[in-house]
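Listed here are the chains, written in short residue letters.
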Amino acid sequence: MNSLILKTATPFLVGLTVLFSIYVLLRGHNVPGGGFIGGLIGASAFATYTINEGVAATRRAMVFHPVSIAGVGLFIAGLSGVASLLFGDAFMTGQWWFPSFAPDLKYLSTVVLFDIGVYLVVVGAIVAIIIGLEEST
Amino acid sequence: MLLAGVLAPFVLAVFAPTVKRVAGPATGWLLALLPAALTVYFAQFIGTVSSGGTITFSTPWVSDLSIHLSFYVDGLSLLFALLISGIGTFIVLYAATYLAKHADLGRFLMFILMFMGSMLGLVLADNVVTLFVFWELTSITSFLLIGFNHASPRSRRAALQALVVTGGGGLALLAGLLLMAQAGGSMELSTLLQSGDLLRDHPHYLAILILVLMGAFTKSAQAPFHFWLPNAMEAPTPVSAYLHSATMVKAGVYLLARVNPGLGGTEIWQTVLVAFGAVTFLIGAVLAIRNTDLKLMLAQTTVASLGLLVFLIGLGEEVALEAAMAYLFAHSLFKGALFMAAGSVDHGTGTREITRLSGLGKAMPITFAAAALAAVSMSGLPPFIGFIAKEWVYKATMGDFWPLAITGVAILGNALMFAVALLVGFKPFLGRQSETPKHPHEGGPGLWLGPVTLAALGLLAGLFNGLSGGLLVGPAVWAVAGEQVSVDLYLWGGFKTPLFLSLATIALGIVLLWRSRAISSTLAATFDRMWGPDRGYDQFLDLLIGTARTVTARLQTGTLRHYLLVTMLIVAAVLLLPVAQMGDLDITFRIPATDFYIFGIAALALAGGFSIAVFRSRLIAILSMGVLGVAVALVFLLFSAPDLAFTQLMVETLSVVILALVIARLPIYRSDWRGWPRAVRDSIIAGAVGVGFTLLLLSITSRTLDLALSEYFAARSYTEAYGRNIVNVILVDFRALDTFGEIAVVVIAGVAVLSLLAMGGRSLAGAGRAPDSAPDSAPDSAVTGKETS
């Protein structure tokens, strides 16, 4: 792609989009957002990056292989469900932690961990597909 | 304790290969200790059971479905358990000697022990599901054992055939058992079978009966399913001696005997069992005399004996059940002994062909003694238990159920069995010594201990008929009959009809024996080329596989376009058929009073849809689809579904990116022109789907929505899950398991796309790619890499 504007803007755009995607992920419990949407936004950031900077640059930027990221995400999501077993609840019952210094936080929980897993799966899987398509030329 | 008894063989099975490596030649003796101990363990129940008591054990398994690991010892299960563990002891010994030089002996013993555990579980099970589980385990272990010589194609075929036939019957049995449990209101056989009238008068009685009989008949090789048993003789002889004479094939007979108090006694039960049993009895006996391979002859007589047992259970009178149990006991002893003796002959001489064997008595005196004793018991001569059993068979046939016909069948069958028994037991050992591949020699004690003991037991059981009748056969009859009847076995019944029938049988048997060679060759000439169920099985499998192949070729064309066409056709049918079926649609169509810009969004969506249909360039089509999707996202946004809108927008964006990459990077047609006929067809299908969805949505919005779920989640989202975004709370908390499944699919899809691309890369390497990178080229110029690649 030979758009000078896009090429120049890409590094800023991508950084911001990734940041935004994490913001969307974390706010999801109370306002529109969540792991799935956040993941899609994150994936679109990497898609932009791949189109403008090439596959090798994306691979460097992601550090880990995208499929591994997706796999780790799935693992985290599964693990967050196991936690409840330790407390005697059924598999995937949400567990909450209300720290004494912030009793009204209502945020630290296995549910959020699960959402992070979803985010990683979506980012990893979609980026893997995009990179695969780019490379197959 | 009972549970431990059933599970012990499985535990030992795991260690069998290790024991073999460590213990070497002592393996058999060591491993045989367990079945020997089990025999003693079960023997201690004889006292309780023969005085009318039972022993039960139950531990919860799946309590919600009232499935328990429950076991139950009465006369019938005890007789079976003793035969399984007792004969099993000698089989383990025998196998360790017989296969001493085989590299996989450890594995073989493992399978044998697993089978032993399965069989014990089967006959002791009280819960119907427990029974079924062990029933299938015997099918699976039998498959492993028949296919033990897995390098031989014949062996593999026989193993698969046995699994298909008995496994298929097992499925029918499961349905039958569950229906029966439902009809009788209990999962426990011991309770279920006490309410026999409830079962017999139940509207599902016929279905239960047919399904249970399918299970029993396939397992016990009743005609027309008898073909798998002779084929199973591909297995090493210890397997034939254990599974295919004394134990597994009797599981079907066991089942019939077990359910007799519940399902038996009706006219259809009698007719079906007597008819199938009698036919099987004759087929088996005739095929036995036709064969010349020792093992095959024995296998066919086993088929015959199983037929006789089914026949006797079908007759159902007290004396018939006594005959069945006595014969079952006698048969296990003499058939196990004969099989092992035949194996020893094979082991010692290198052949099982009866025409090539004679005069081995000098070289193999112990085997001869065992074979002779067992054969005399089988032929039904006094004072063996086999004689008593046959006398009782004749007593049973003289009831009021077609007496003449079935007595005739019994005489003919028994005479054939008499001839075959003497052929197998004496022909190889008498006369002038023949030339054999190996120099005939007696094997070690492992080889002769089993046959000698079993054959001797057949004699002792006949002599001490008071003990065998009172302690083993009698209690078994009580269990089958469902009540305590007095059983009194004896050798000398006076000059009455059974004795004369026995004499007639012996006379006819001697004639058959004298002409056996001629009969065998006549039968071979007549029947060998005829169509039989064995060939039918092949034809059935060929038909099944052929059909599957044809259907698969039709459905799985490998063309994405075709798959989409079929999918959309089905979607259209699902949407429109209910409408057509129900006739009038309750639709009130109204244009909601909304802001004017909604019409702008609608126009955007229409423009997108229109240009998808009109433009031939695929890239433009994809972009237009994005436009359409964004319009839909806007609708979501305006009608207060921000989450959906958000997601839709991102999905549309990424779809366009990915599809554009596919178009730009992969060698496919850049243009999509399908010619008028196909264009018309595709538009009709697309139109149908569109109309269907429109009607569906209109009919949904025309009625009041059931908001119960929405209210439920709205009420609990914050109080129980501390989240105000209901959609997200449902996704990650209320329905987290669903989401977990979905993200697993996402990962799998990602991996699948990568591997497809990797494969495509390989096959495309030589094909080159589309030279033209311009997005919109003429229809025919970009065909280099066709869609097939």
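Residues numbered from 1 in each chain as written. Chains lettered and ligands numbered in written order. Predicted model: local features only at pLDDT ≥ 70, side-chain atom pairs only at ≥ 80, totals over all residues. Heavy atoms only, no water.

Considering the overall build of chain B
Thinking step 1. Along its length, chain B carries 33 helices and two strands.
Thinking step 2. The C-alpha radius of gyration computed for chain B amounts to 36 Å, which surpasses the reference 28 Å derived for 789 residues by more than 25%, pointing to a less compact arrangement than a globule.
Thinking step 3. Seen through its principal axes, chain B has C-alpha atoms that stretch 110 × 60 × 55 Å.
Thinking step 4. Buried residues in chain B amount to 50% of all 789 residues.
Thinking step 5. Across chain B, every contact between residues at least 6 apart in sequence was considered, and the portion connecting residues at least 24 apart equals 78%.
Thinking step 6. A total accessible area of about 34,900 Å² is found for chain B, and carbon and sulfur atoms account for 69% of it.
Thinking step 7. Taken together, the 45 basic and 43 acidic charged side chains of chain B have centroids lying 14 Å from each other. (Helix = DSSP H or I, 4+ residues; strand = E, 2+ residues; numbered from the N terminus. Rg over C-alpha atoms; globule rule 2.2 N^0.38 Å. Buried < 20%, exposed > 50% of the residue type's maximum accessible area, 1.4 Å probe, protein only. Contact = heavy atoms within 4.5 Å. Areas by Shrake-Rupley, 256 points an atom, 1.4 Å probe, with all protein chains shown as cover. Lys, Arg positive; Asp, Glu negative; His and termini not counted. Charge placed at Lys NZ, Arg CZ, Asp CG, Glu CD.)

Thoughts on the environment of B:Ala660
Residues and elements named next belong to chain B.
Thinking step 1. Among the structural elements, Ala660 can be located in helix H29 (residues 642-665).
Thinking step 2. Taking C-alpha positions, Ala660 is 86 Å from Gly470, a pair spaced 190 residues apart along the chain.
Thinking step 3. Those residues in contact with Ala660, other than ones at most four positions away along the chain, are Leu619, Ile622 and Ser655.

Section: the layout of surface pockets
All names here are of chain B.
Thinking step 1. Counted as a void, the second largest pocket has a volume near 1,000 Å³.
Thinking step 2. Contributions of two or more residues to the lining of the second largest pocket are made by helix H8 (153-184), helix H12 (228-231), helix H15 (267-290), helix H16 (294-315) and helix H25 (533-555).
Thinking step 3. Here the lining of the second largest pocket gets four residues from one element, more than from any other, and that element is H15. (1 Å grid on protein atoms, 1.4 Å probe; cavity = no way out; pocket = protein on both sides within 12 Å on 5 of 7 lines; lining within 4 Å. Points joined across faces, edges and corners; volume = space filled by probe spheres on them.)

Quick word on helix H28 (residues 618-638) of chain B
All names here are of chain B.
Thinking step 1. In this model H28 runs 30 Å from its N-terminal to its C-terminal C-alpha over 21 residues, within 8% of the 30 Å that 1.5 Å per residue would give.
Thinking step 2. Buried positions along H28 lie against helix H26 (560-582), helix H27 (597-614) and H29.
Thinking step 3. Downstream of H28 by one or two residues, Ser640 has phi in the positive range, about 50 degrees. (Expected span 1.5 Å × (residues − 1).)

Side note on the packing of helix H5 (residues 75-98) of chain B against helix H17 (residues 318-349) of chain B
Residues and elements named next belong to chain B.
Thinking step 1. Axis separation between H5 and H17 bottoms out at 11 Å; the angle between their running directions is 5 degrees. Comparing the axis directions of H5 and H17 gives the class roughly parallel. On H17, the residues that touch Leu76, Leu79, Phe80, Leu83, Ile87, Phe90, Ile91, Tyr94, Thr97 and Tyr98 of H5 are Met325, Leu328, Phe329, Ser332, Phe339, Met340, Gly343, Ser344, Asp346 and His347. (Axes fitted to C-alpha atoms, helices over the stretch in contact; angles between N-to-C directions. Parallel < 35°, antiparallel > 145°, perpendicular 65-115°, else oblique.)

Brief notes about the domain arrangement of chain B
For an interface, size is often stated in terms of accessible area lost upon the parts coming together.
Thinking step 1. Examined at the domain level, chain B breaks down into domain 1 (280-514) and domain 2 (558-764).
Thinking step 2. Taking the mean C-alpha position of each, domain 1 of chain B and domain 2 of chain B sit 73 Å from one another. (Domains from an automatic or database assignment.)

Things to note about the interface of chain A and chain B
Thinking step 1. Each side of the interface is counted separately: chain A has 46 residues, and chain B has 37 residues.
Thinking step 2. Both faces combined, the contact of chain A with chain B buries some 3,600 Å², and carbon together with sulfur accounts for 79% of it.
Thinking step 3. The interface formed by chain A and chain B holds zero salt bridges in total.
Thinking step 4. Counting every contact that joins chain A to chain B gives nine residue pairs in polar contact (both at pLDDT 80 or more).
Thinking step 5. The set of elements that each furnish at least two residues to the side of chain A that touches chain B consists of helix H1 (4-27), helix H2 (35-53), helix H4 (66-86) and helix H5 (110-135) of chain A.
Thinking step 6. Considering each element in turn, the side of chain A that touches chain B owes the most residues, 13 residues, to H5(A). (Buried area = accessible area lost by both parts, 1.4 Å probe. Salt bridge = Lys/Arg side-chain N within 4 Å of Asp/Glu carboxyl O. Polar contact = N/O pair within 3.5 Å; in protein donor to acceptor, adjacent residues only side chain to side chain.)

A short note on the packing of H4(A) against H5(A)
Residue and element names in this part refer to chain A.
Thinking step 1. Packing of H4 against H5 brings their axes to within 7 Å, and their N-to-C directions diverge by 160 degrees. One finds that H4 runs roughly antiparallel with respect to H5. The handedness of the crossing between H4 and H5 comes out as left-handed. Residues Pro66, Val67, Ile69, Ala70, Gly73, Leu74, Ile76, Ala77, Ser80 and Ala83 of H4 touch H5, and the partners they reach there are Thr110, Leu113, Phe114, Gly117, Leu120, Val121, Gly124, Ala125, Val127, Ala128 and Ile131. (Left-handed = near helix turned anticlockwise from the far one by under 90°.)

Looking at the pairing of strand S2 (residues 67-73) of chain B
Looking along a regular strand, one sees side chains alternate from face to face of the sheet.
All names here are of chain B.
Thinking step 1. Most of S2 sits inside the fold, with six of its seven residues counted as buried.
Thinking step 2. Examined bridge by bridge, strand S1 (residues 55-62) and S2 share seven bridges and lie antiparallel to one another. Paired with Ser58 across the strands is Ser70, a residue of S2.
Thinking step 3. Hairpin connection, S1 to S2: the antiparallel pair is bridged by four residues, and Ser66 has positive phi, about 40 degrees. (Pairing = 2+ DSSP bridges.)

Re unusual backbone geometry
Residues and elements named next belong to chain B.
Thinking step 1. A cis amide bond, omega 5 degrees, links Ala223 with the succeeding residue Pro224.
Thinking step 2. Here Pro224 is to be found in the loop between helix H11 (205-219) and H12.
Thinking step 3. A cis amide bond links Pro382 to the next residue, Pro383, at an omega of 0 degrees.
Thinking step 4. Relative to the assigned elements, Pro383 resides in the loop between helix H18 (365-379) and helix H19 (385-397).
Thinking step 5. Its identity is not glycine, yet Ser66 carries a phi of approximately 40 degrees, on the positive side.
Thinking step 6. Residue Ser66 is classed as partly exposed on the basis of its relative accessible area, which comes to 34%.

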